[in-house]
Amino acid sequence: MTTEQQSPEPCPNNRRWWILLLLFLAMTINILDRQVLSLVAPVLRDQFNLSNTQYGTIVFAFLLGMTLAQLPVGAMMDRYGVRLGFPLVFVWWSVANMLHGAARSMAQFSVLRFLLGVGECGTYSAGVKAIGQWFPVKERALAAGLFNSGSLAGAVIAPPLIVYLMLNHGWQSAFLIPSLAGLFWVIPWLKIYREPSQNQVASAAGQRKSPGTSPSWRRLLTVRAVWGVVLMRAFGAPVTHFYWYWLPEYLKHERGMSLEMIGLSAWLPFFSGGAGNIGGGWFSSKLIARGWTVNRARKTAFVIAVVLSLSAVLVPAVHSTAGAMALICLASLGINAVAANLMGLITDLFPQRVLARVSGLTGVGDGAVSMTAMQLTGVVVDRFSYLPIFIAAGVLPLLSLASLLLLVGKIRPIPDERLRDEISAQ
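Computed from a predicted structure; not experimentally measured. Residue positions are counted from 1 within each chain, in the order its sequence is given. The predicted origin of the model limits local features to residues at a pLDDT of at least 70 and limits the giving and counting of side-chain atom pairs to 80 or more, whereas totals for whole chains, interfaces and linings rest on all residues. In computing side-chain values, all of the structure's heavy atoms are included and hydrogens and water are not.

Tell me about the overall build of the chain, and please be specific about residues and values.
Put simply, DSSP marks the helices as runs of H or I at least four residues long and the strands as runs of E at least two long, and each gets a number from the N terminus on. On a plain count of helices and strands, the chain comes out with 18 helices and zero strands. Here the globule rule reads 2.2 Å times residues to the power 0.38, and the radius of gyration is calculated from C-alpha atoms. Computed over the C-alpha atoms, the radius of gyration of the chain is 21 Å, within 12% of the 22 Å expected from 2.2 N^0.38 for a compact globule of 426 residues. Seen through its C-alpha atoms, the chain measures out along the principal axes to roughly 60 × 45 × 40 Å. When accessible area is computed with a 1.4 Å probe and restricted to protein chains, residues below 20% of their type maximum are described as buried, those above 50% as exposed, and intermediate ones as partly exposed. Here the chain holds 426 residues, and 58% of them are scored as buried. We call two residues contacting when some pair of their heavy atoms lies within 4.5 Å. Contacts in the chain between residues at least 24 apart in sequence constitute 86% of all its contacts with a sequence separation of at least 6. In the chain, 33 positive and 18 negative side-chain charges are present, and the distance between their average locations comes to 8 Å. His is not counted here, nor are the chain ends, while Lys and Arg score as positive and Asp and Glu score as negative. To locate a charge, the coordinates of NZ of Lys, CZ of Arg, CG of Asp or CD of Glu are taken.

Lay out the pattern of salt bridges in plain terms, naming residues and giving numbers.
The salt bridge definition used is simple: a Lys or Arg side-chain nitrogen within 4 Å of an Asp or Glu carboxyl oxygen. Counted by the stated rule, this structure contains five salt bridges. A salt bridge links Arg-16 to Glu-139; its shortest N-O distance comes to 2.4 Å. With Arg-16 in helix α2 (residues 12-48) and Glu-139 in helix α7 (residues 137-169), this pair connects stretches of sequence that are 123 residues apart. Considered together, Arg-16 and Glu-139 belong to a single accessibility category, that of buried residues. With a shortest N-O distance of 2.4 Å, Glu-249 and Arg-45 are connected by a salt bridge. Taken as a pair, Glu-249 in helix α12 (residues 224-253) and Arg-45 in helix α2 lie far apart in primary sequence, 204 residues in all. The same class applies to Glu-249 as to Arg-45, namely buried.

Help me get a handle on the side chain of Arg-298, residues and values and all.
Summarising the element assignment, Arg-298 is placed in helix α15 (residues 294-309). The class of Arg-298 is buried, set by a relative accessible area of 0%. Dropping the residues within four chain positions of it, Arg-298 is found in contact with Val-137, Ala-141, Ser-284, Ile-288, Asn-341, Gly-344, Leu-345, Asp-348 and Ile-411.

How would you sum up the confidence of the model for the chain? Please name residues and give values.
Scored from 0 to 100, pLDDT records how confident the predictor is in each individual residue. Scored by pLDDT, the chain has a mean of 84; 90% of the residues are at 70 or more. Put simply, helix α1 (residues 3-6) is where the chain has its lowest mean pLDDT, 38, and helix α18 (residues 387-408) is where it has its highest, 95. Of the regions scoring below 50 in pLDDT, residues 1-12 engages in 13 contacts with residues more than four places distant in sequence or in other chains. Low pLDDT, under 50, characterises residues 422-426; the stretch is placed with three contacts to residues that sit more than four places away or in other chains.

For the packing of aromatic side chains, give the residues involved together with the corresponding values.
Note on aromatic pairs: the rings of Phe, Tyr and Trp (six-membered ring only in Trp) are paired at centre separations within 6.5 Å, and the planes decide the class, stacked below 30 degrees, edge-to-face beyond 60, tilted for the rest. Scanning the entire structure with this criterion turns up 23 aromatic pairs. A ring pair is formed by Trp-134 and Tyr-193, whose centres lie 6.5 Å apart and whose planes are at 75°; its orientation type is edge-to-face. In this pair, Trp-134 sits in helix α6 (residues 122-134) while Tyr-193 sits in the loop between α9 (186-192) and α10 (198-205), placing the two residues 59 residues apart along the sequence. Residue classification places Trp-134 among the buried residues on the basis of a relative accessible area of 0%.

Next comes the structure, spelled out in structure tokens:
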């Protein structure tokens, strides 16, 4: 036994916040890389004569890659851990994003977006698994909110940074420079992150390590709560994707903003969304700390967040660009509060050994609905307007809440006997 093996792992309290910082930065870089296309899209559409429908196809390819890779990447994270699994997908997507600078057609962009999606899908599964390992129940929604707020930090940074690079160094640099910077993240992750011992996982979870073999995919799909969280993410995620991928297009072609103005103001909804991530997670965690049950605290936070998300339906009716932006900010705050509490909910319900796979299943639901929604967005905007899209953005979170109430029901840990696979893996 080596000296490193003999030394006890550090207490999660001494390491977890550094890990959370790296998770936050990973999500920031993830979304920064993802956002480049939407900000460069007005230029690419003019240069390569792309319609809204063709742009929707490129976004569809990205989400297809994310959807198909969710299950194998989730299984890899559960089997090999996030210390090595996360850097692997990180390098994959950084290289794929870098290569976008060489693309010259819809087909080439679509292939590269597909490869980007294959890598980027691992961020959510790795983050949920790491949070489940290192954080106790009462802190998970806050930790999830801080982790997920990295997506909004990336979206806040993206407009001014990408527009600056595009206007001063060409659109290719907007793909190249963030990708190069992102590769440096791998170094501190490998240095700081360690897989916690089983005792530490059980301590953070507030429960004993579950015995038995790991459940099969088929077994997981017989649990109502699994379908509940899958549908919750499937109905909520397309709204977030719409703001990420279509907001610059909407502001330019419907509200008449210049690229410079988009760079100066398009970060506001994402900043508001960051407040929703942190505030939504903090709110339910605070209620739990005050003695509320996890069930009551999470559901209260979900209801408030969904009501805020409904403000999206009013956006097309507002003539003022400032008023429309204010409503988008409010809706962004709500949908991101939903996302933060969903991440906490998954760790509330499921044991550590299946977290990455359950997250992978939710990612499949996310991808299946989101890629269809993004393709339809292009078609609807080309043939009609943004009105039906904003109505859908307000209504879909209601379906997410219905999935919580009807399929998940009371929020409490799923008994292990409901998950254990009766057939040993061969």
